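Structure assessment
Take a look at the letters that make up each chain.
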Amino acid sequence: METHVLGFPRIGTNRELKKALESYWKGTSKKEDLFACENALKERHWWFQRDQGLSMVTVGDFSFYDQMLDTTCLLGMIPQRFQTVTDELELDRYFRMARGDAAANIPAMEMTKWFDSNYHYLVPEFTPGMTIRRSSDKLVRDTVHALSREFRAKPVLIGPLTYISLGMEYSGVDRWQYLDAIVDVYCSVLAELAPYCIWIQIDEPILCTDLPQQVRELFAPVYRKLKQAAGNAKLLLATYFGSLDENLTTALETGCDGLHLDLVRGRRQLDQVLDLLPATTILSAGLVDGRNIWKNNLRQSKEVIEQLTSRIGSDRIMVASSCSLLHVPVDLLQERRLAPGIKDRMAFAVQKCREVAVLAAIAEGEHEPLLRENDQLFSEQCNDTGILRREVRERAAAVNESMLTRTSPYPVRKQRQDAWLQLPLLPTTTIGSFPQTTTIRSIRNSYHKGTLAEAAYRSFIQSEIRSAVEQQERLGLDVLVHGESERNDMVEYFGQQLDGFCFMENGWVQSYGSRCVKPPVIYGDVARPAPMTVDWISYTQSLTAKPVKGMLTGPVTILNWSFVRNDLPRAEVCKQIALAIRDEVADLEKAGIGIIQVDEAALREGMPLRQKDAERYLRWAVDCFRLTVGGAADSTQIHTHMCYSKFNAIMPWIIEMDADVISIEASRSKMELLSAFRQYHYPNEIGPGIYDIHSPRVPEEEELVALIRLALQVIPPERLWINPDCGLKTRQWPETLASLRNLVTAAHQIRLEL
Ligand code: GLN
Ligand code: ZN
């Protein structure tokens with residue numbers, strides 16, 4: 001049985017890639033250093049895969065920033081604005097596309113979430129009159145590199161139809177006009193790869209989403225060409241993050257030699273697939289969860305393999321991870337502080353490679369003791385009382401509709417809030433965090449390590465808050481924030497203070513580029529032993545006469561950005577978190593805080609990929625948000641924030657959340673998303689971000705004025721807020737101050753016209 005994973009995390013066991021990238025960007029290291037890091041990581045990851053017993057290693061999953069961006073470069077689809085600067089390294093242009101160029105005033109390419117994960121990719125731009133031509137031989141070079149080290153290489157490409165579907169087109173452009181040219185490039189790559197490999201993996205996760213008929217019809221003709229180009233090399237069509245359902249025949253019509261299924265999230269498709277699978281097609285069974293950190297239930301997987309074997313025979317089966325392991329941390333061996341009872345239940349990327357290999361061996365009758373040990377683990381899990389808390393279960397069961405609803409409807413609340421807030425038209429604010437300087441990080445680190453005393457730490461954070469308040473007052477912002485300097489991460493911070501969570505030391509997962517997150521792990525019932533933010537927020541409010549906005553992370557975001565136990569429905573886990581944050585809202589109110597923001601940055605990314613599954617998710621997700629804020633007084637202004645821009649499909653639900661103010665990301669899409677707010681007559685207040693915080697570029701005042709004018713075409717001035725796209729923690733102070741200064745003056749300028 002062939003065994004493989006769909007991709008390996010590229011960031012490195014100790015985030016070597018992050019460090020190498022950031023020092024290159026800062027100019028403190030040279031391109032040679034970066035390339036050396038690249039080579040070392042690629043080889044190390046191939047070694048991991050082979051050492052754990054996999055029969056093939058994946059090549060082409062490494063990227064300096066993002067695999068979609070690599071594909072854009074492969075196709076030579078460089079947007080015009082990046083072609084103007086000359087005499088430079090190809091690599092620097094690549095980074096400019098990813099990050100923008102402050103000096104040359106060139107905005108970055110848009111970034112958005114990869115399906116329902118927290119990984120971000122760079123959105124391909126389909127512009128008028130593009131010439132598409134093969135512009136990279138990286139994949140071929142990597143494959144040759146792997147072969148030279150005697151690895152059995154399985155190159156991977158993002159499939160052309162997924163690539164095109166995930167792009168955005170400029171007005172007047174039909175992306176599909178470029179299909180033939182794009183397919184030609186793929187053909188040339190495949191033809192070159194063919195002599196070197198047995199299998200070539202082509203990822204088409206788009207097949208696990210609702211597809212327009214027009215796109216579905218393209219698969220057969222496109223893949224006919226790809227197959228021809230690949231000659232003797234076999235194509236493995238990789239689908240993941242869900243079930244193929246009505247796209248199954250489309251997938252089969254590609255005629256690919258192998259079909260990979262995600263059998264973790266798409267178990268429901270198995271019978272249907274087995275009924276229709278052509279007699280010669282190989283099935284790659286994605287049994288080891290690439291989206292979670294829990295150990296595989298080997299007994300259950302073994303049963304699936306047995307079912308497959310009896311239907312199609314063991315020689316037509318590969319064992320695999322469900323999707324790329326990009327979404328899990330690298331190596332559990334790095335964790336030294338996890339409680340043994342919990343650590344024993346976990347598997348990271350390296351361990352998951354091993355699980356894949358072990359499963360194939362188990363299917364052949366080996367590893368009997370391992371299997372029994374695993375059985376034991378899963379039976380203990382069912383009986384463990386340490387993770388079940390009766391009072392939490394009872395409180396969750398008693399939640400009713402009245403707990404989800406504010407006392408009065410928005411118009412009444414608005415009057416009460418306006419009465420005490422007395423804000424000007426177009427009030428200015430920020431989304432919460434300010435730059436997390438190296439000093440802040442190192443002080444927080446020493447505190448958590450125990451080398452800095454509580455009192456010294458508190459006074460440091462207080463001084464950070466004082467200076468944040470001073471800066472905001474000097475800038476003339478209207479609603480102030482404390483700056484989140486005490487928070488390492490918006491989810492981890494809360495998880496650390498809640499029962500039922502535990503933390504990895506080194507469990508980093510790439511979010512975008514060099515940015516990594518270390519998701520908390522929810523292993524047990526969730527409860528809040530004590531207030532979590534009240535001290536810092538009250539302190540902040542004590543420093544200023546302006547209103548301070550308390551800053552909380554919402555339950556859906558905490559859930560979606562954590563690794564969640566898989567022995568309880570997600571909706572139930574979320575409700576437990578909502579109740580805990582609800583208590584925090586009540587305590588902030590009691591402390592006199594009249595504006596509270598509950599961030600739901602990740603509400604949309606938790607959406608199931610299929611329309612038919614979405615409704616159920618949105619119902620419980622929105623209800624959990626409402627449960628969190630439903631107890632707030634009418635005069636308390638509830639804000640929420642969401643980090644993305646595609647709202648059309650969920651607008652009715654956003655309205656149902658009934659936040660008094662919602663801030664969203666809008667600058668990069670030029671306020672385009674506001675059309676959804678207009679179309680649905682969004683009734684409450686909105687702060688469409690006018691400043692792109694993902695790049696260090698300082699937006700000019702005129703640019704901001706223009707964006708505000710665009711927003712005013714859709715939203716009346718009494719319901720419009722002025723703010724950046726998101727929090728500023730990844731920025732530096734100088735650019736932050738310059739940008740916010742422009743933001744405030746832009747708002748002032750427009751106010752004069754109203
Ligand atoms: N309040 C958070 C911050 O400013 C929000 C971040 C987010 O939505 N991703 O950092
Ligand atoms: Zn955000």
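It should be emphasised that the depicted structure is a prediction, and the values quoted were computed from it without experimental measurement.

Glancing now at the packing of helix α18 (residues 454–475) against helix α20 (residues 534–542). Running from N to C, α18 and α20 cross one another at 45 degrees; their axes reach a closest spacing of 10 Å. Here α18 lies oblique to α20, going by the angle between them. Classified by chirality, the crossing of α20 by α18 is right-handed. In this structure, α18 uses Ile-461, Gln-462, Ile-465 and Val-469 to contact α20, whose residues at the interface are Trp-536, Tyr-539 and Thr-540. Partitioning the contact of α18 with α20 into residue classes produces five nonpolar, two polar and no charged.

Attention shifts here to the site of ligand 1. Every one of the 13 residues lining ligand 1 counts as a neighbour, but Ile-431, Gly-432, Ser-433, Ala-601 and Gly-727 are closest to it. Looking at the shell around ligand 1, its residues break down into six nonpolar, four polar and three charged.

Moving on to the environment of Glu-605. Among the secondary structure elements, Glu-605 is positioned in the loop between β19 (595–599) and α23 (611–629). Between the C-alpha atom of Glu-605 and that of Asn-684, which follows or precedes it by 79 residues, the distance is 23 Å. Ignoring anything within four residues of it in the chain, the contact list for Glu-605 reads Lys-113, Asp-116, Asn-118 and Asn-560.

With that out of the way, let us pick up the UniProt feature "active site" (unreviewed entry) in the chain. The residues that UniProt annotates with the feature "active site" (unreviewed entry) are His-694. In this structure His-694 comes out as buried when scored by C-beta crowding, with 24 C-beta atoms within 10 Å. If we skip the residues at most four places from it in the chain, His-694 touches Ala-108 and Met-111.

Before going further, it helps to examine the sheet that holds strand β17 (residues 549–553). An order of β17-β19-β20-β21-β22 is seen for the five strands of this open sheet, with the pairing classed as parallel. Either end of the sheet is taken by a strand with one partner, and the two such strands are β17 and β22 (685–688). On average, each strand axis in the sheet is inclined to that of its neighbour by 20 degrees, with strand direction left out of account. Looking at chain direction, β17 and β19 are connected through five bridges and run parallel. Looking across to β19, one finds that Leu-552 is bridged to Val-598.

Cut-offs used in this document
Residues numbered from 1 in each chain as written. Chains lettered and ligands numbered in written order. Predicted model: local features only at pLDDT ≥ 70, side-chain atom pairs only at ≥ 80, totals over all residues. Axes fitted to C-alpha atoms, helices over the stretch in contact; angles between N-to-C directions. Helix = DSSP H or I, 4+ residues; strand = E, 2+ residues; numbered from the N terminus. Parallel < 35°, antiparallel > 145°, perpendicular 65-115°, else oblique. Left-handed = near helix turned anticlockwise from the far one by under 90°. Contact = placed C-beta atoms within 7 Å. Nonpolar A, V, L, I, M, F, W, Y, C, P; charged D, E, K, R; others polar. Near = placed C-beta within 6 Å. UniProt positions renumbered as here; feature names shortened; annotations may be inferred. Buried ≥ 20, exposed ≤ 12 C-beta atoms within 10 Å, placed from the backbone. Pairing = 2+ DSSP bridges.

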